[in-house]
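Close look at the chain arrangement
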Amino acid sequence: MDPELINDCVHCGFCLPTCPTYVLWGEEMDSPRGRIHLMKQHVEGTPITAEMAGHFDACLGCMACVTACPSGVQYDRLIEQTRAEVERARPREPQDRAVRGMVFSLFPYPRRLRLLRPVMGLAERMAPFLGRANPSLGAMAALAPRVGLRQRMPRLVRARGARRAVVAMLTGCVQGEFFPQVNAATARVLALEGCDVLIPPGQGCCGALSVHSGRDEQARRLARRTVRTFRKAGVDTVVVNAAGCGSSMKEYGELLGEEPGFRVLDLSEYLVELGPVAERHPLPLTVAYHDACHLAHAQGVRAQPRELLRAIPGLTLREVPDAAICCGSAGTYNLFQPEAARDLGDQKAKAVASTGAELLVSANPGCTMQIVSAMRRGGADIRVAHTAEVLDASLRGVRL
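All figures in this text were calculated on a predicted structure; none of them were measured in a lab.

As for the overall build of the chain
Across its full length, the chain carries 23 helices and nine strands. Taking 21 Å as the expected radius of gyration for a compact globule of 400 residues, we find that the chain reaches 21 Å, a close match to that expectation. When its C-alpha atoms are laid out on the principal axes, the chain stretches across 65 × 50 × 45 Å. Out of the 400 residues belonging to the chain, those deemed buried represent 56%. Considering only intrachain contacts with a sequence separation of at least 6, the fraction spanning at least 24 residues in the chain is 77%.

See the structure below:
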C-alpha cells in the first residue's frame with residue numbers, strides 16, 4: 001500500500017453517499033475513507049486482522065468514490081494494492097479458499113467455461129439447493145444466463161465499403177462463452193462503419209477478474225499473454241466491449257511495468273472517435289441505459305454510449321435513477337459477497353423498472369447477469385441488450 005496515496009485522502013466525506021456499502025449499512029469502516037484509515041493503520045504497523053480483511057472484502061471496487069473525490073484520491077490503486085496484501089497476509093477459511101480457488105480456476109479460462117454451457121439451463125432450478133450447501137455456489141447458479149447457440153468468430157471481418165481503419169477485438173471470457181451474440185454484433189458494427197476487424201485466435205482472459213481480486217501474479221500472467229496476442233496481430237488499437245476488461249487493459253502499463261504498445265478503447269468510445277458513416281434505421285424502442293461502474297467511473301466513458309443510442313431514429317432513451325450506484329455485480333463480488341450483492345441488485349432492479357423502459361442496455365456481461373437475476377426475483381423481467389446489439393439492429397435494419 002502506497003503511503004503517499006493514502007495521505008492524499010483528507011477525510012472530507014464526499015465519497016460517503018456514492019459508496020454502495022456505506023449506503024447499505026451506514027458503517028464508517030465500510031466507506032472509502034474508513035477503509036483508507038484501515039490501510040493507514042496497516043502501513044503504520046498494525047497487522048491485517050480478520051475484521052480489517054472483512055471491510056476490504058466488502059468493497060465492490062466500483063470506483064464511484066474516485067469520481068466523487070475532490071482531492072483526486074486514487075482509491076482504485078489503493079484497493080487493488082490492499083487486496084493483494086490481504087491475499088498474501090490472511091489465510092482464508094477452508095471453504096472460502098475452496099470456492100475462490102474454483103472461481104479463479106474456471107472463469108478466466110474460456111475453454112473451461114465452455115464446459116458449463118450444456119448445464120446452464122438447469123442452473124436456475126439448482127440455485128436453492130446449491131445455496132444451502134454454500135451461498136456462493138447458490139449465487140453462481142442464480143446468476144447463470146440463458147445461453148444461445150455458440151458462435152465461432154472468424155479471424156478477420158472485412159470492412160463493408162471503403163476501409164477506414166484496422167482494429168483488433170477482444171472476445172473475452174464470460175462475454176465470449178455466455179454472450180457470443182455480443183461479440184458477433186460488435187464485429188458487424190465495426191465492419192459496417194468501415195473497419196477491418198482482426199480477431200486473434202486463442203485469446204484468453206485479460207486478467208481483469210484476477211487484478212480486481214488481489215491475485216496479482218495470476219493477473220500479470222494473463223495480461224502478458226493478452227499483450228503478446230495483440231502485439232502479434234500488429235494493430236495499434238484494440239476495441240473492447242466489456243467494461244471490466246477495458247478498465248484493466250487500460251492499466252496494463254502500471255500492472256506490467258511497461259506499456260503494451262497499442263491503444264485500448266471501449267467500443268462506444270471508439271465509434272464516437274471514428275464518427276458514423278453507416279445509415280441508422282429506425283428502432284421504435286424505449287431504452288434505459290445502465291452505467292457499468294468500470295465504464296463510467298474507471299474509464300470515464302458516459303457520454304459516448306448515450307450519444308450512439310440517441311442517434312438511432314425512433315429510439316427513446318431514459319435515465320436510470322441513482323445510476324452511479326453499483327448494481328452489485330463488480331466482477332466476482334456477487335459470488336463472494338452474495339447478500340450485499342443481492343441487496344444492491346434489488347435496488348438497481350427497482351430503479352430500472354421505474355423507468356418503464358422495454359429494453360435495458362448494458363455494456364458489461366457481469367452487470368447484465370446481475371440485473372437480469374434481480375429483475376426475475378422482483379417479478380419484472382426485462383429484455384437486456386448490449387450497446388453493440390442495439391447499434392447492429394439499427395445499422396442492418398432488423399428487429400432487436
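Next, the rest of the story.
So, the sheet that holds strand S5 (residues 263-266)
Taken in spatial order, the five strands line up as S1-S3-S2-S4-S5 in an open sheet, and their pairing is mixed. Across the chains shown, the open sheet's two edge strands, defined by having one partner strand only, are strand S1 (156-157) and S5. Examined bridge by bridge, strand S2 (residues 165-169) and strand S4 (residues 237-240) share two bridges and lie parallel to one another. If you follow Met169 over to S4, its bridge partner there is Val239. Contacts from helix H12 (residues 180-192) reach S1, S2, strand S3 (195-198) and S4 within the one sheet, and its direction differs from that of S3 by about 145°. The sheet strands contacting helix H17 (residues 267-274) are S2, S3, S4 and S5, and the helix crosses S5 at an angle near 95°.

So, the nonpolar core
By size, the foremost hydrophobic cluster in this structure holds 54 residues, and its most contacted members are Leu190, Val197, Tyr270 and Val390. With six residues, H12 is the single largest residue contributor to this core. Sequence-distant contacts of Val390, that is, excluding residues within four places in its chain, are made with Leu283, Leu309, Ile312, Leu315, Leu359, Val361, Ala385 and Leu400. Counting 24 residues, the second largest nonpolar core, distinct from the first, contains Val99, Met140, Leu335 and Phe336.

Side note on the sheet that holds strand S7 (residues 316-319)
Read across the sheet, four strands follow the order S7-S6-S8-S9 without closing on themselves; strand pairing throughout is parallel. Each having just a single partner strand, S7 and strand S9 (383-385) make up the two edges of the open sheet. Going across the sheet, the axis of each strand differs from the next one's by a mean of 35°, ignoring polarity.

Comments concerning the side chain of Asp57
Its location among the elements puts Asp57 in helix H4 (residues 50-57). Within the structure, Asp57 has its side chain in polar contact with the side chain of Arg92 (distance 3.0 Å). Every residue in contact with Asp57, bar those within four places of it in the chain, is listed here: Arg83, Arg92, Arg100, Tyr333 and Gln337.

Brief notes about the environment of Phe336
Relative to the helices and strands, Phe336 is located in helix H20 (residues 333-336). Once residues within four sequence positions are removed from consideration, Phe336 is found in contact with Val99, Arg100, Val103, Phe104 and Ser136.

A short note on the packing of helix H21 (residues 338-353) against helix H22 (residues 365-377)
It is the contact of H21 with H22, at a shortest axis distance of 8 Å, that shows an interaxial angle of 80°. Judged on the interaxial angle alone, H22 and H21 are roughly perpendicular. On the side of H21, the interface is formed by Ala341, Arg342, Gly345, Asp346, Lys348, Ala349, Val352 and Ala353, while H22 contributes Gln370, Ile371, Ala374, Met375 and Arg377. Of the residues that constitute the contact of H21 with H22, the class distribution is seven nonpolar, two polar and four charged.

Focus: a positive patch on the surface
Together, Arg111, Arg224, Arg225 and Arg228 line one region of the surface with positive charge. A total of three residues in the positive patch trace back to one element, the largest contributor, which is helix H14 (residues 216-233). Assignment of secondary structure puts Arg228 in helix H14. Classification of Arg228 by relative accessible area gives exposed; the value is 54%.

Thresholds applied
Residues numbered from 1 in each chain as written. Predicted model: local features only at pLDDT ≥ 70, side-chain atom pairs only at ≥ 80, totals over all residues. Heavy atoms only, no water. Helix = DSSP H or I, 4+ residues; strand = E, 2+ residues; numbered from the N terminus. Rg over C-alpha atoms; globule rule 2.2 N^0.38 Å. Buried < 20%, exposed > 50% of the residue type's maximum accessible area, 1.4 Å probe, protein only. Contact = heavy atoms within 4.5 Å. Pairing = 2+ DSSP bridges. Axes fitted to C-alpha atoms, helices over the stretch in contact; angles between N-to-C directions. Core = buried A, V, L, I, M, F, W, Y, C linked by side-chain atoms within 4.5 Å. Polar contact = N/O pair within 3.5 Å; in protein donor to acceptor, adjacent residues only side chain to side chain. Parallel < 35°, antiparallel > 145°, perpendicular 65-115°, else oblique. Nonpolar A, V, L, I, M, F, W, Y, C, P; charged D, E, K, R; others polar. Patch = residues over 30% accessible without salt bridge, like charges linked within 9 Å, V, L, I, M, F, W, Y side chains within 5 Å. Areas by Shrake-Rupley, 256 points an atom, 1.4 Å probe, with all protein chains shown as cover. Salt bridge = Lys/Arg side-chain N within 4 Å of Asp/Glu carboxyl O. Lys, Arg positive; Asp, Glu negative; His and termini not counted. Charge placed at Lys NZ, Arg CZ, Asp CG, Glu CD.

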